Amino acid sequence: MILIPPGCKHTNRCISEKGMTYFCAHFSVDDPLFRQQMVRDNHVLFPAGTEHNESLRRVLDQWIEMADRQSEYTTADRFRSQALLFELMGVLARMVSRSEERNEYVAPTSVQYAKAIAEAIKARFDPHAGVPEEKSLRIEELIASIGISPGYGLEVFRKVYGISPRQYLSELKLNEAKVLIGQPELPLKEVASILGYSHLSHFSRQFKRWTGMSPMQYRQSLSHP
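So, here's what we can say about the structure. (Residues numbered from 1 in each chain as written. Predicted model: local features only at pLDDT ≥ 70, side-chain atom pairs only at ≥ 80, totals over all residues. Heavy atoms only, no water.)

## Remarks on the overall build of the chain
Of the regular secondary structure elements, the chain holds ten helices and zero strands. Shown N-terminal to C-terminal, the secondary structure of the chain runs as helices and strands in the order α-α-α-α-α-α-α-α-α-α. For the chain, the residues scored as buried account for 34% of the 225 residues in total. Partitioning the contacts of the chain with sequence separation of at least 6, the portion at a separation of at least 24 is 69%. A total of about 14,700 Å² of accessible surface is found on the chain, and carbon and sulfur atoms cover 54% of it. (Helix = DSSP H or I, 4+ residues; strand = E, 2+ residues; numbered from the N terminus. Buried < 20%, exposed > 50% of the residue type's maximum accessible area, 1.4 Å probe, protein only. Contact = heavy atoms within 4.5 Å. Areas by Shrake-Rupley, 256 points an atom, 1.4 Å probe, with all protein chains shown as cover.)

So this is what it looks like as structure tokens:
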């Protein structure tokens with residue numbers, strides 16, 4: 001099992017002649033302390049037969065079982081999937097708490113500043129305001145507005161969240177884009193406009209950089225799991 005952090009470009013290939021089947025779970029965690037622990041722990045590979053692998057597998061096997069079912073995906077399934085995600089977070093949190101003592105200490109003040117920056121970004125990010133992409137919020141100005149220098153703010157944010165504030169903003173945009181694209185009655189041109197893109201082509205290029213597929217391909221994948 002491999003845990004791939006946000007923004008980590010990667011490829012995979014199968015060397016077995018029999019082929020392979022693999023299961024991917026994409027999730028976002030906004031708790032700064034937990035993200036900080038995950039970044040510091042830097043534990044990404046969980047070999048078969050290890051205690052951590054078995055702990056994770058018990059949860060992931062239930063997810064795989066849900067995905068393999070041929071019956072219609074129901075509201076109950078959605079809540080069950082979310083419950084399994086929280087269970088997975090609990091397993092990961094226990095893992096990082098065990099190894100926390102051997103990792104670099106990050107001052108609580110730094111964590112609070114990073115959280116303040118994240119909250120300010122979320123407060124200023126309003127996809128329904130129709131603000132053009134080229135007039136999007138300025139990260140450095142936002143950091144300065146909470147009373148710290150942009151350089152220090154960028155440093156503590158990356159240390160706590162493992163990504164830059166701009167990448168964090170991209171995560172917010174991507175999550176909102178997926179929600180909007182998942183509404184089949186909403187034209188893609190309107191989705192792009194809601195997110196602040198003046199042209200659908202600009203939004204399509206950005207979305208493909210984020211996900212590896214166009215908005216239309218992503219919408220089609222939702223209707224054909």
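## Comments concerning the packing of aromatic side chains
Evaluated as defined, the whole model comprises seven aromatic pairs. Arranged with centres 5.5 Å apart and planes meeting at 65°, the rings of Tyr161 and Tyr168 form a pair that is edge-to-face. The exposure classification of Tyr161 matches that of Tyr168, with both residues buried. Ring centres 5.5 Å apart and planes at 55° place the aromatic pair Tyr197 and Phe203 in the tilted group. Like Tyr197, the residue Phe203 is buried in the burial classification. One aromatic cluster is present, formed by Tyr197, Phe203, Phe207 and Tyr218 through successive ring pairs. (Phe/Tyr/Trp six-rings, centres within 6.5 Å; stacked < 30°, edge-to-face > 60°.)

## Some details on the pattern of salt bridges
What the rule picks out here adds up to two salt bridges. As a salt-bridge pair, Asp61 and Arg57 come within 3.3 Å of each other at their nearest N and O atoms. Of this pair, Asp61 and Arg57 are both found in helix H2 (residues 51-68), four residues apart, which corresponds to roughly one turn of the helix. Look at Asp61 and you get partly exposed, because its relative accessible area is 35%. Residue classification places Arg57 among the partly exposed residues on the basis of a relative accessible area of 43%. Across the salt bridge formed by Glu119 and Lys122, the nearest N and O atoms sit 3.2 Å from each other. Taken together, the residues span about one helical turn, with Glu119 and Lys122 both in helix H4 (residues 108-124) at a distance of three residues. Residue classification places Glu119 among the partly exposed residues on the basis of a relative accessible area of 39%. On the accessibility criterion, Lys122 (30% relative accessible area) is partly exposed. (Salt bridge = Lys/Arg side-chain N within 4 Å of Asp/Glu carboxyl O.)

## Concerning the nonpolar core
Within the largest apolar cluster, 19 residues are counted, with the highest numbers of intra-cluster contacts made by Ile117, Ile121, Leu142, Phe157, Tyr161 and Tyr168. Sorting the residues of this core by element identifies H4, helix H5 (139-145), helix H6 (150-161) and helix H7 (165-181) as the ones contributing at least two each. Counting residues per element, this core draws most heavily on H4, at six residues. Discounting residues that sit within four places of it in the chain, Tyr168 has contacts with Asp30, Arg35, Ala118, Ile121, Lys122, Phe157, Tyr161 and Ile163. Counting residues in each nonpolar core, the second largest holds 15 residues, with Phe34, Phe46, Trp63 and Leu88 among its members. (Core = buried A, V, L, I, M, F, W, Y, C linked by side-chain atoms within 4.5 Å.)

## Examining H7
Taking 1.5 Å as the rise per residue, H7 with 17 residues should run 24 Å; its terminal C-alpha atoms sit 24 Å apart, in good agreement. Listing the buried residues of H7 in full gives Pro165, Tyr168, Leu169, Glu171, Leu172, Lys173, Leu174, Glu176, Ala177, Leu180 and Ile181. (Expected span 1.5 Å × (residues − 1).)

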